[in-house]
Amino acid sequence: MADTKSAFIAIVGIPNVGKSSLLNALVGRKVAIVSDKPQTTRNRIMGVSTKDDLQFVFLDTPGSHRPRTRLGDFMIKSIGEAVSGVDAGILVAEPTTVVRDAERELLERFRAQKLPVLLVLNKIDTLADKSSLLACIDTWRQAYPFEAILPVSALTGEGVSLLANELANYALPSPHFFPADTTSDQPDRILAAELLREQMLLQLRDEIPHGVAVLVEHFEEREGANGTILEIDAEIYCEREGHKGIIIGKRGAALKSIAAAARQEMEALFGTHVDLQCWVKVKEDWRNRQGLLNSFGYRS
Ligand SMILES: Nc1nc2c(ncn2[C@@H]2O[C@H](COP(=O)(O)OP(=O)(O)OP(=O)(O)O)[C@@H](O)[C@H]2O)c(=O)[nH]1
Ligand SMILES: [Mg+2]
């Protein structure tokens, strides 16, 4: 194809600043799960957006934190891998006048790779007084020579198309790496598992959702009386018998509510009826057991 361009862009930041929300806003479709709990994203997630001759490949990453488990080690490693193969980076931060050590460390990674970095100050919809942005911008400008600083709300979409315009500057002549209708590198089976994990992050408290992994064992379409039905069987792994009880809830109420919400999300994403069955199992300390991490898909 003549005159096509592409840009690979890594999205990094500390946990919970809105990296995955920004990815979804840039791609225009939900490709990464989002929650108010830190460490929602566990692996590098590729989101693709193609407009005419220009293709963006965005790499969403786990939030940078000090790992306490092997799963955490894997998450941190995946940030390094994402940063090493891109044309430019986005550091996503909250609109504050504090630059955290973990954010400085991320910026140093880009500096070491001699990569241009844009700063996205996300969640500007939460600012009662937009003029407070000026002090934020000033602080960040002193912290690092950003190519540009863009105030954005991934939630409302404000500033997202300006950001995309700015990112187009980093595109290089190249063939497109994905077909024009591709939006993610995550297979539907993985997206389904993630949507179920998202509901656990949203509906369960404290540490429990952080100790949960989801495996989709069966994913198949069948013809029902009222059209196509997608059959999805998922296994939910948690770390303790006590957690299993909480996930299932009194007479199964908690699991029923989680599965109902996840099914709705799946139906919206896949555009078909979904029959979702869930089983809860215990695998003690799976976050530190390499074999289990591998089987849950947390491997390089
Ligand atoms: N008000 C507001 N909330 C936002 C915005 N962007 C994200 N959020 C919320 O911030 C929380 C974290 O969003 P995520 O997109 O999961 O953040 P993340 O940086 O990917 O988090 P990790 O994957 O855990 O590192 C969620 O509750 C989002 O709904 C925004 O622009 N405005
Ligand atoms: Mg995320």
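Here the residue numbers are simple positions, counted from 1 along each chain's written sequence. The order in which chains are written sets their letters, starting at A; the order in which ligands are written sets their numbers, starting at 1. With pLDDT at 70 or above as the cut-off, local features in this predicted model cover only qualifying residues; side-chain atom pairs require 80 or more to be listed or tallied, and sums for whole chains, interfaces and linings still use all residues. Only hydrogens and water are set aside; all other atoms, that is, all heavy atoms of the structure, feed into the side-chain values.

Asks: It is not clear to me how empty space enclosed by the protein should be interpreted in this structure. Could you clarify?
Replies: By rolling a water-sized probe across the atoms, one finds the places where empty space is left. Residues are said to line a cavity or pocket when one of their atoms sits within 4 Å of a point; the points come from a 1 Å grid over protein atoms alone, cavities being sets where a 1.4 Å probe fits but cannot get out and pockets being open sets with protein on both sides within 12 Å along at least five of seven lines. Grid points are joined across faces, edges and corners, and a volume is the space filled by probe spheres set on the points. Under the criterion given, the structure shown has 1 cavity of 30 Å³ or more. In this structure, the largest cavity spans a volume of roughly 30 Å³. What lines the largest cavity is Lys30, Val31, Ala32, Ile33, Leu191, Glu194, Leu195 and Leu269. Strands are runs of DSSP state E lasting at least two residues, helices are runs of H or I lasting at least four, and both sets are numbered from the N terminus onward. If you tally residues by element for the lining of the largest cavity, the top one is helix H6 (residues 188–203), at 3 residues. By convention here, the domain bounds are inherited from an automatic or database domain assignment. When residues of the lining of the largest cavity are assigned to domains, at least three map to each of domain 1 (5–173) and domain 2 (188–295).

Asks: Teacher, can you tell me more about the pairing of strand E4 (residues 88–93) here?
Replies: In the case of a regular strand, side chains alternate between the two sheet surfaces. Categorising residues by exposure relies on relative accessible area from a 1.4 Å probe, with only protein chains included: less than 20% of the type maximum marks a residue as buried, more than 50% marks it as exposed, and the intermediate range marks it as partly exposed. Of all 6 residues in E4, 6 are buried; the element is thus mostly enclosed. Judged by which residues are buried, E4 turns out to be covered on both faces: Ala88, Ile90 and Val92 on one side and Gly89, Leu91 and Ala93 on the other are all buried. Here, any two strands with at least 2 DSSP bridges between them count as paired. Taken together, the 4 bridges between strand E1 (residues 5–12) and E4 define a ladder with parallel strand orientation. Bridging from a neighbouring strand, Ile9 pairs with Ala88 of E4. Note that E4 and strand E5 (residues 117–121) share 5 bridges and pair parallel. By the bridge assignment, Gly89 is partnered in E5 with Val117. For a crossover, the right-handed case is the one in which the path from the first strand over the helix to the second runs clockwise, viewed with the strands pointing away from the viewer. Handedness of the β-α-β unit built from E4, helix H3 (residues 101–112) and E5 comes out right-handed.

Asks: When you look at the site of ligand 1 in this model, what are you seeing that I'm missing?
Replies: Nearness here has a simple test: a residue counts as near a molecule or strand if at least one of its heavy atoms is within 4 Å of that partner. Around ligand 1 lies a shell of 23 residues, among which Lys19, Ser21, Gln39, Thr40 and Asp125 are the nearest. Think of a polar contact as two N or O atoms within 3.5 Å of one another; within protein, one of them needs to be a possible hydrogen donor and the other a possible acceptor, and neighboring residues in sequence only count if both atoms come from side chains. Val17 has a polar backbone atom sitting 3.2 Å from an oxygen atom of ligand 1. Side-chain polar atom of Lys19 to an oxygen atom of ligand 1: 2.7 Å apart, as the coordinates give it. Here ligand 1, which alone exposes 650 Å², has 89% of that area covered by the protein. Counting atoms within 2 Å of the grid points, the majority share of ligand 1 lands in the second largest pocket. Taken together, the residues of the shell around ligand 1 break down into 6 nonpolar, 12 polar and 5 charged. Residue-level accessible areas treat just the shown protein chains as cover; the underlying method is Shrake-Rupley with a 1.4 Å probe. Think of it this way: a molecule belongs to a cavity or pocket when more than half its atoms come within 2 Å of the grid points there. We call Asp, Glu, Lys and Arg charged. Ala, Val, Leu, Ile, Met, Phe, Trp, Tyr, Cys and Pro are nonpolar, and the rest, Gly among them, are polar.

Asks: Hey, could you run me through the environment of Asp101 in this one?
Replies: The topology assignment puts Asp101 in helix H3. Judged by its relative accessible area of 57%, Asp101 falls in the exposed class. For the pair Asp101 and Ile14, spaced 87 residues apart in sequence, the C-alpha separation works out to 9.8 Å.

Asks: Help me understand the coordination of the magnesium ion (ligand 2), please; the structure alone is not making it clear to me.
Replies: Think of it this way: four donors in a tetrahedron around the metal ideally sit 109.5 degrees apart, and six in an octahedron ideally sit 90 or 180 degrees apart. Distances from the magnesium ion (ligand 2) to its protein donors, Ser20 (OG) and Thr41 (OG1), fall within 2.0 to 2.1 Å. With a gap of 21 residues between them, Ser20 in helix H1 (residues 19–27) and Thr41 in the loop between H1 and strand E2 (45–51) connect regions that are remote in the sequence. Accessibility expressed as a relative area gives 7% for Thr41, which makes it buried. Only N, O and S atoms count as donors, using a 2.8 Å limit from the metal and a wider 3.2 Å limit for Na, K and Ca, and since water is excluded some coordination spheres may look unfilled.

Asks: Even after reading the chapter, I still don't get the pattern of salt bridges, so can you show me in this structure?
Replies: Between side chains of opposite charge, a pair can form when the charged atoms approach closely. By convention in these notes, a salt bridge is any Lys or Arg side-chain nitrogen within 4 Å of a carboxyl oxygen on Asp or Glu. This structure, assessed with the given rule, holds 15 salt bridges. A salt bridge links Lys30 to Glu198; the nearest nitrogen and oxygen atoms lie 2.7 Å apart. Here Glu198 lies in helix H6 and Lys30 lies in the loop between H1 and E2, a separation of 168 residues in the sequence. Judged by relative accessible area, Lys30 falls into the partly exposed class, the value being 27%. Arg197 is the partner of Glu194 in a salt bridge, and the nearest nitrogen-oxygen pair spans 2.9 Å. In this pair, Glu194 and Arg197 are both assigned in helix H6, 3 residues apart and thus about one turn of the helix distant.

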